[in-house]
There are 2 protein chains.
Amino acid sequence: MRDGSHVVAHQFTREQVQAVAKGLDDAGVPYIEVSHGDGLGGSTIQYGRSLVGEMELIEAAVASCKQAKVAVLLIPGIGTVHELKEAQNRGAGLVRVATHVTEADVSAQHIHIARELGMEVCGFLMMAHSAPVEKLVEQAKLMQSYGAEAVYVTDSAGALLPDQVRERIRALRQSLDIEIGFHAHNNLSVAIANTLVALEEGATRIDGSLRCLGAGAGNAQTEVLIAVLDRMGMDIGIDLYKLMDVAEEIVGPIMPHSQEIRKGSLVMGYAGVYSSFLLHAERAGKRFGVDPRDILLEVGRRKAVGGQEDMIIDVAAELAKLQKAGG
Amino acid sequence: MRDGSHVVAHQFTREQVQAVAKGLDDAGVPYIEVSHGDGLGGSTIQYGRSLVGEMELIEAAVASCKQAKVAVLLIPGIGTVHELKEAQNRGAGLVRVATHVTEADVSAQHIHIARELGMEVCGFLMMAHSAPVEKLVEQAKLMQSYGAEAVYVTDSAGALLPDQVRERIRALRQSLDIEIGFHAHNNLSVAIANTLVALEEGATRIDGSLRCLGAGAGNAQTEVLIAVLDRMGMDIGIDLYKLMDVAEEIVGPIMPHSQEIRKGSLVMGYAGVYSSFLLHAERAGKRFGVDPRDILLEVGRRKAVGGQEDMIIDVAAELAKLQKAGG
């Protein structure tokens, strides 16, 4: 429900979070993530205000679970130690400290403190497609050195193809002593395939969301993943029928729209950019008479980081100049 | 628009077919399939009446295309030589003669006649997941011997996983002298991944549908496939932006519902059964107090063929008896 928070514009109610958490817990899912879509402290004018405070939602999820651990996401710079302590107070047992793939060093303090608090703690390297494999390995090792118990390859833009996932997980498996996780987005329709490859290469922590309820085209669809693993003969102790029922009867009615792959999410995966860039590119495209897709492709090539939405205007202006010169 | 005909309950209008065909042709797609969802002659009470006769739709598509060849599907037993000739008269240039994966012998006559008519002709082995690889190879060789210029591995139930596709295409590549095709369904969310594997193993004909507009969860999503191939550096002469626009602006408004993976299509892929079985299983489940998913799983194990919907009642009755004995 953390990544899914984006889909509902952070308007989850306490009852919705309770019902989904109860359903996932009952089906045997071991971790359930609850926070604002941009992690602890994300409820702001910039990232979108939550309807219900995330601490209340965390508490509600914890109260609904018999076996599952409730997880939170924390992006240093958005969330702080203050919120981390509060989340732990409310019963969160795992924190994933998330940074851009080249910025692992900003996670040191939060990983240390989470360990001191007695929480399980993972590193979460976002936009993993945008860095060379060696860089990814180097940054994952940093997180390991800070005390992370696992590091995730996070395909935030849904831009990785199966062979690229294979290369990355394999390199981490050869270089790390801790667990490896994989977080997929389905913008290029390969979230499940990428997840299977990650498992094959030794990843042991896998993210999913029921009905693909995550940013862009969503994540690996949990109920589909479990069906596929079951078909492959892997029994991981999760009840497929129960998951399917939660997906259909509880998550479905919460969804403001279906999570098919539309133009916007496809461009996001194709260009390798954050979903927050889409609207800006459309506006700039109109203003400068340039196809927004060309803007996003160029922004992707320049490997823009979240928060660098300004780059879009510069790129649009440059493309417009080139078009004029060309025509 | 042949597989997509199922999604709209065969209610395509002439204008819709024209607009989609024009858009696909303009983007550079080489083949466009138009027929009733169950192939030529499928417009019946049993398979669902078409709003507009398929011959009129074929003619409309042909008139809209500058470079693309219009294809038709023919399932012997539903369609006949009479309809094939008429389709060719209206301008169809390719026919795919479709049989259950173990019944290739019923395609001999239609393949012969299509060749005599000067049409391009392919074999189309449906429910390819349900036969052992050796059987598939044997049946494909039969179609080759009848004069097919290509044979398709058709994953009608969307039940194949990437490794299973690899095994099948590889075996065909080693045994056939003609082209190999692959037709995916996305019920297990691996349509694109399966298609990539098929291409890797030497398939040269690939099916897709814009916005996944096909039975169940739909086919490999054409615009996503082209984006992925482009990202892999394969330029196959199809304009991605044009495709995306047709998907969004022309196909989108035609869709009666989104093509996400819902409970029904997931069960179909998981159990390996035809979508036409779903409603029957739900009815039988209610009548006998059995979970319809268990019925479909057992029907899948027994490898039911299209038309064998009666088996559902038998299975439901047996499961109810077992439940009673067990409880």
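Residues numbered from 1 in each chain as written. Chains lettered and ligands numbered in written order. Predicted model: local features only at pLDDT ≥ 70, side-chain atom pairs only at ≥ 80, totals over all residues. Heavy atoms only, no water.

For chain A, an unreviewed UniProt entry supplies the name 4-hydroxy-2-oxovalerate aldolase and the organism Brevibacillus parabrevis. In its Sequence similarities (unreviewed entry) section, UniProt records this for chain A: "Belongs to the 4-hydroxy-2-oxovalerate aldolase family." (UniProt positions renumbered as here; feature names shortened; annotations may be inferred.)

1. Considerations on the overall build of chain A
Summing up its helical and strand segments, chain A has 14 helices and seven strands in all. Computed over its C-alpha atoms, the radius of gyration of chain A comes to 19 Å, within 12% of the 20 Å expected for a compact globule of 327 residues. Seen through its C-alpha atoms, chain A measures out along the principal axes to roughly 65 × 45 × 45 Å. Buried residues in chain A amount to 61% of all 327 residues. A separation of at least 24 residues holds for 76% of the contacts in chain A among residues at least 6 apart in sequence. With an accessible surface of roughly 12700 Å², chain A has 50% of that area assigned to carbon and sulfur atoms. Side-chain charges in chain A split into 31 positive and 42 negative, and the spacing between the mean points of these groups amounts to 4 Å. (Helix = DSSP H or I, 4+ residues; strand = E, 2+ residues; numbered from the N terminus. Rg over C-alpha atoms; globule rule 2.2 N^0.38 Å. Buried < 20%, exposed > 50% of the residue type's maximum accessible area, 1.4 Å probe, protein only. Contact = heavy atoms within 4.5 Å. Areas by Shrake-Rupley, 256 points an atom, 1.4 Å probe, with all protein chains shown as cover. Lys, Arg positive; Asp, Glu negative; His and termini not counted. Charge placed at Lys NZ, Arg CZ, Asp CG, Glu CD.)

2. Some words on a nonpolar patch on the surface
Taken together, the side chains of M232(A), M234(A) and I236(A) define a hydrophobic patch exposed on the protein surface, amounting to about 260 Å² of accessible area. Within the secondary structure, M234(A) is located in the loop between α9 (222-231) and α10 (240-254). (Patch = residues over 30% accessible without salt bridge, like charges linked within 9 Å, V, L, I, M, F, W, Y side chains within 5 Å. Salt bridge = Lys/Arg side-chain N within 4 Å of Asp/Glu carboxyl O.)

3. Examining the sheet that holds strand β3 (residues 94-100) of chain B
All names here are of chain B. Sheet architecture is open: seven strands sit in the order β1-β2-β3-β4-β5-β6-β7, paired in parallel fashion. Strands with a single pairing partner mark the edges of an open sheet, and in this sheet they are β1 (31-33) and β7 (205-206). By the bridge criterion, two bridges tie strand β6 (residues 179-183) to β7 in an arrangement that is parallel. Within β7, the position partnered with F182 by the bridge is I206. (Pairing = 2+ DSSP bridges.)

4. Section: the interface of chain B and chain A
Between chain B and chain A, the residue contacts involve 38 residues of the former and 38 residues of the latter. Summed over both partners, the interface of chain B with chain A comes to about 3600 Å²; 56% of that surface belongs to carbon and sulfur atoms. Counting the surface chain B buries against chain A, the share from its top three residues, R231(B), Y241(B) and Y270(B), is 21%. Seen at the junction of chain B and chain A, the total is 10 salt bridges. The closest approach of N and O atoms between R211(B) and E260(A), which form a salt bridge, is 3.3 Å. (Buried area = accessible area lost by both parts, 1.4 Å probe.)

5. Here's the deal with the UniProt feature "active site" (unreviewed entry) in chain A
Residues and elements named next belong to chain A. Here the UniProt feature "active site" (unreviewed entry) sits at H6. Examined against the element boundaries, H6 turns out to sit in helix α1 (residues 4-7). Setting aside its immediate chain neighbours within four residues, H6 contacts G37, D38 and A215.

6. Quick look at the domain arrangement of chain A
Domain assignment breaks chain A into domain 1 (4-254) and domain 2 (276-326). Once you take the C-alpha centre of each, domain 1 of chain A and domain 2 of chain A turn out to be 30 Å apart. (Domains from an automatic or database assignment.)

7. What about the sheet that holds strand β3 (residues 94-100) of chain A?
Residue and element names in this part refer to chain A. Strand order in the open sheet formed by seven strands is β1-β2-β3-β4-β5-β6-β7, and the pairing between neighbours is parallel. The sheet is open, and its two borders are formed by β1 (31-33) and β7 (205-206), each paired with just one other strand. Taken together, the seven bridges between β3 and strand β4 (residues 120-126) define a ladder with parallel strand orientation. Counted as the bridge partner of V95 is V121 from β4. Of the strands in this sheet, β3, β4 and β5 (150-154) touch helix α6 (residues 133-146), which is tilted by about 160 degrees from β4. (Axes fitted to C-alpha atoms, helices over the stretch in contact; angles between N-to-C directions.)

8. Digging into the pairing of β3(B)
Each regular strand shows side chains that alternate between the opposite faces of the sheet. All names here are of chain B. Taken across its seven residues, β3 has seven buried, putting it largely inside the fold. The sheet contact formed by strand β2 (residues 69-74) and β3 spans four bridges and is parallel. Within the sheet, the bridge partner assigned to L73 lies in β3 and is R96. For the handedness criterion, the β-α-β arrangement of β2, helix α4 (residues 81-89) and β3 is classed as right-handed. The handedness of the β3 to strand β4 (residues 120-126) crossover, carried by helix α5 (residues 108-116), is right-handed. (Right-handed = clockwise from strand over helix to strand, strands pointing away.)

9. Digging into the nonpolar core
With 252 residues, the main nonpolar core has I295(A) and I295(B) as its most contacted residues. For I295(B), the contacting residues outside a window of four places in its chain are A281(B), A284(B), G285(B), V290(B), I312(B), V315(B), A316(B) and L319(B). (Core = buried A, V, L, I, M, F, W, Y, C linked by side-chain atoms within 4.5 Å.)

10. Thoughts on α10(A)
Compared with the 21 Å implied by 1.5 Å per residue over 15 residues, the 20 Å span of α10(A) between its first and last C-alpha is a close match. For α10(A), the set of buried residues is L240(A), Y241(A), L243(A), M244(A), V246(A), A247(A), V251(A), G252(A) and I254(A). Buried positions along α10(A) lie against α2 (14-27) and α9 of chain A together with α11 (263-271) and α13 (292-301) of chain B. (Expected span 1.5 Å × (residues − 1).)

11. Describing the UniProt feature "binding site: substrate" (unreviewed entry) in chain A
Residue and element names in this part refer to chain A. Following the UniProt record, the feature "binding site: substrate" (unreviewed entry) maps to R2, D3, S156, H183 and Y274 here. Leave out the neighbours within four places in its chain, and R2 touches E33, V34, S35, H36, G37, G39, L73, F124 and H183. The exposure class of D3 is buried, given its relative accessible area of 8%. Engagement of the side chain of D3 in a polar contact is seen with the side chain of H183, the distance being 3.1 Å. (Polar contact = N/O pair within 3.5 Å; in protein donor to acceptor, adjacent residues only side chain to side chain.)

12. Thoughts on the packing of aromatic side chains
Applying the stated criterion to the full structure yields four aromatic pairs over all chains. Geometrically, the ring pair formed by F124(A) and Y152(A) is tilted, given 5.4 Å between the ring centres and 55 degrees between the ring planes. Residue F124(A) is found in strand β4, and its partner Y152(A) is found in strand β5; the two are separated by 28 residues along the sequence. The exposure classification of F124(A) matches that of Y152(A), with both residues buried. With 6.4 Å between their ring centres and 50 degrees between their planes, Y274(B) and F277(B) make a pair best called tilted. For the cation-ring pair, R293(A) lies above Y241(B), with the distance from its terminal atom to the ring centre recorded as 4.1 Å. The ring of Y152(B) has R96(B) sitting right over it, with the charged end atom 4.5 Å from the ring centre. (Phe/Tyr/Trp six-rings, centres within 6.5 Å; stacked < 30°, edge-to-face > 60°. Lys NZ or Arg CZ within 6 Å of the ring centre and 35° of its normal.)

13. Brief notes about the side chain of T195(A)
Turning to its location among the elements, T195(A) is positioned in helix α8 (residues 191-200). The residues touching T195(A), leaving out its near neighbours within four places in the chain, are F182(A), A184(A), I206(A), A220(A) and L225(A).

14. A short note on helix α13 (residues 292-301) of chain A
α13(A) sits mainly inside the fold: seven of its 10 residues count as buried. Buried residues of α13(A): R293(A), I295(A), L296(A), L297(A), E298(A), V299(A) and G300(A), and no others. Check the buried side of α13(A) and you find it contacts α11 (263-271), α12 (277-288) and α14 (311-326) of chain A together with α10 (240-254) of chain B. Just downstream of α13(A), K303(A) is the residue with a positive phi angle, here 55 degrees.

15. As for the pairing of strand β2 (residues 69-74) of chain A
Residue and element names in this part refer to chain A. With respect to burial, β2 is a largely interior element, five of its six residues being buried. Pairing of β1 with β2 involves three bridges; the strand directions are parallel. Bridge pairing links Y31 to K69 in β2. Read from β1 through helix α3 (residues 54-64) to β2, the crossover connection turns out right-handed.

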